[in-house]
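# Residue-level structural notes
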Amino acid sequence: MLAAGVTGFATGFALILAIGAQNAFVLRQGLARQHVFWLCLLCATSDAVLITAGVLGFGYLVTLYPAFPQIMAWGGAAFLAVYGALRFLAAYQGDYALQVAGGSASLWRVLATGAAFTWLNPHVYLDTLGLVGAVSTQFTDTALKTAFGAGAVMASYTFFFTLGYGARLLAPVMQSARAWRRLDLLIGLVMWALAVKLVS
């Protein structure tokens, strides 16, 4: 049981560790200290739903709907391109009084953006429904499979809450508009690079 759980945790953590669009958004919100708990909860719970579906055997979704990955790729790329452009626009305008002062954006706006980063990302389906689901097939016993899934879910919660709240350690260097401008430029570049990668 323990070995299966550790395998699940390691698998889930390894897949989510790469800095992607979702992680960059959580990092930015963590630095801004805006609705961090609810955003982390949304991202981790979304992962938990998809991981559970993958472990239960819904990894054949792509086989049933061959066009699904392509549709998600173009939809995700469009969203990333727009969000990247918004970050470049924010950097150009340079109005960071809200962030520097610790002001807060709307909770629903933050959650809607976080949901889009999660559910419009085709890689999340590949990672959770596909890869996690595939690795879970090595455990034929129900208890072991459950332990594996629980480990993978725990990795997601651990990662997002660590990223969201750990970002506060960088707060001292984010006390100027120039620092926020650089962060937005970096995030914009990451979003556009990921958008190109999705459709290339």
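Throughout, a residue's number is its position along its own chain's written sequence, starting from 1. The predicted nature of this model means local features are confined to residues of pLDDT at least 70 and side-chain atom pairs, given and counted, to a pLDDT of 80 or more, with totals for whole chains, interfaces and linings taken over all residues. Derived side-chain values reflect all non-hydrogen atoms in the structure, with water molecules and hydrogen atoms excluded from consideration.

### Regarding the nonpolar core
What counts, and what does not: Buried residues of nine kinds, namely Ala, Val, Leu, Ile, Met, Phe, Trp, Tyr and Cys, make up a nonpolar core once their side-chain atoms join them within 4.5 Å. In this scheme, a residue with accessible area under 20% of its type's maximum is buried, one over 50% is exposed, and one in between is partly exposed, where area comes from a 1.4 Å probe on protein chains only. Working definition: helices are DSSP H or I runs of at least four residues, strands are E runs of at least two. Numbering for both runs from the N terminus. Contacts were defined at the residue level, with two residues in contact if any of their heavy atoms lie within 4.5 Å.
Counting 27 residues, the largest nonpolar core has Val 26, Phe 117, Phe 160 and Met 191 as the members making the most contacts within it. Contributing elements (two or more residues each) for this core: helix H2 (21-32), helix H3 (36-55), helix H5 (68-93), helix H7 (107-119), helix H9 (142-166) and helix H10 (177-199). In this structure, Val 26 is in contact with Leu 39, Cys 40, Cys 43, Phe 160, Leu 163 and Gly 164, ignoring residues within four places of it in sequence.

### So, H2
Under the convention used in this document: The span you would expect from a helix comes to 1.5 Å times its residue count less one.
Counted at 1.5 Å a residue, the expected span for H2 with its 12 residues is 16 Å, and the 17 Å between its end C-alpha atoms agrees. The element H2 is extensively covered by neighbouring structure, given that 11 of its 12 residues are classed as buried. The complete set of buried residues in H2 reads Ala 21, Gln 22, Asn 23, Ala 24, Phe 25, Val 26, Arg 28, Gln 29, Gly 30, Leu 31 and Ala 32. Immediately beyond the C-terminal end of H2, within one or two residues, lies Arg 33, with a positive phi of roughly 55°.

### Points about the environment of Gly 188
Locating Gly 188 in the fold gives a position in helix H10. Residues Gly 188 and Leu 80, 108 residues apart in the sequence, show an inter-C-alpha distance of 8.8 Å.

### Things to note about the packing of H3 against H9
Here is the rule: As a rule, the C-alpha atoms of each element are fitted with a line to give its axis, helices using only the stretch in contact, and angles between N-to-C directions run from 0 to 180 degrees. Any angle that falls under 35 degrees is termed roughly parallel, while one over 145 is termed roughly antiparallel, one within 65 to 115 roughly perpendicular, and all others oblique. Left-handed describes a crossing in which the near helix is turned anticlockwise from the far one by less than a right angle; the clockwise case is right-handed. Note on residue categories: nonpolar means Ala, Val, Leu, Ile, Met, Phe, Trp, Tyr, Cys or Pro, charged means Asp, Glu, Lys or Arg, and polar means any other residue, Gly included.
The contact between H3 and H9 brings their axes to 9 Å, and the two run at 160°. Relative to H9, the element H3 is oriented roughly antiparallel. Our pair here, H3 against H9, has a crossing hand that is right-handed. In this structure, H3 contributes Val 36, Phe 37, Cys 40, Leu 41, Cys 43, Ala 44, Thr 45, Asp 47, Ala 48, Ile 51 and Val 55 to the contact, and H9 contributes Lys 145, Phe 148, Gly 149, Ala 152, Val 153, Ser 156, Tyr 157, Phe 160, Phe 161, Gly 164 and Tyr 165. Of the residues assigned to the contact of H3 with H9, the class counts are 16 nonpolar, 4 polar and 2 charged.

### Quick notes on the packing of H2 against H7
At a closest axis distance of 8 Å, the pairing of H2 and H7 adopts a crossing angle of 155°. Taken together, H2 and H7 sit at an angle that is classed as roughly antiparallel. The interaxial crossing formed by H2 with H7 has left-handed handedness. For the pair formed by H2 and H7, the contact residues are Ala 21, Gln 22, Phe 25 and Gln 29 on the first element and Val 110, Thr 113, Gly 114, Phe 117 and Thr 118 on the second. Here the residues of the contact of H2 with H7 sort into 4 nonpolar, 5 polar and no charged.

### Focus: the packing of aromatic side chains
Ring pairs (aromatic) are described by centroid distance and by the angle formed between their planes. Condition: Two aromatic rings from Phe, Tyr or Trp, using only the six-membered ring of Trp, form a pair when their centres are within 6.5 Å; if the ring planes differ by under 30 degrees the pair is stacked, by over 60 it is edge-to-face, and anything between is tilted.
By the definition in use, this model includes 6 aromatic pairs. With a centroid separation of 4.7 Å and an interplanar angle of 70°, the aromatic rings of Phe 88 and Trp 192 are classed as edge-to-face. Of this pair, Phe 88 sits in helix H5 while Trp 192 is found in helix H10, placing the two residues 104 residues apart along the sequence. For the ring pair Phe 159 and Phe 160, a centre distance of 5.5 Å and an interplane angle of 80° mean the geometry is edge-to-face. For the pair Phe 159 and Phe 160, a shared accessibility class is recorded, and that class is buried. Here a set of aromatic residues connected by ring pairs shows up, and it is made of Phe 37, Trp 38, Phe 161 and Tyr 165.

### What about the confidence of the model for the chain?
Short version of the rule: The predictor attaches a confidence to each residue, called pLDDT, with possible values from 0 through 100.
Across the chain, the average pLDDT comes to 79, with 84% of residues at or above 70. Ranking the elements of the chain by mean pLDDT puts helix H6 (residues 97-100) last with 52 and H3 first with 92.

### A closer look at the side chain of Thr 118
To keep it simple, the criterion reads: Identification of polar contacts relies on pairs of N or O atoms within 3.5 Å, with a donor-acceptor requirement for protein atoms, meaning one able to donate a hydrogen and the other able to accept it, and with residues adjacent in sequence counted only if both atoms are side-chain atoms.
Structurally, the position occupied by Thr 118 is in helix H7. Look at Thr 118 and you get buried, because its relative accessible area is 1%. At a separation of 2.9 Å, a polar atom in the side chain of Thr 118 contacts the main-chain carbonyl oxygen of Gly 114. Discounting residues that sit within four places of it in the chain, Thr 118 has contacts with Gln 22, Cys 43, Ser 46 and Val 124.

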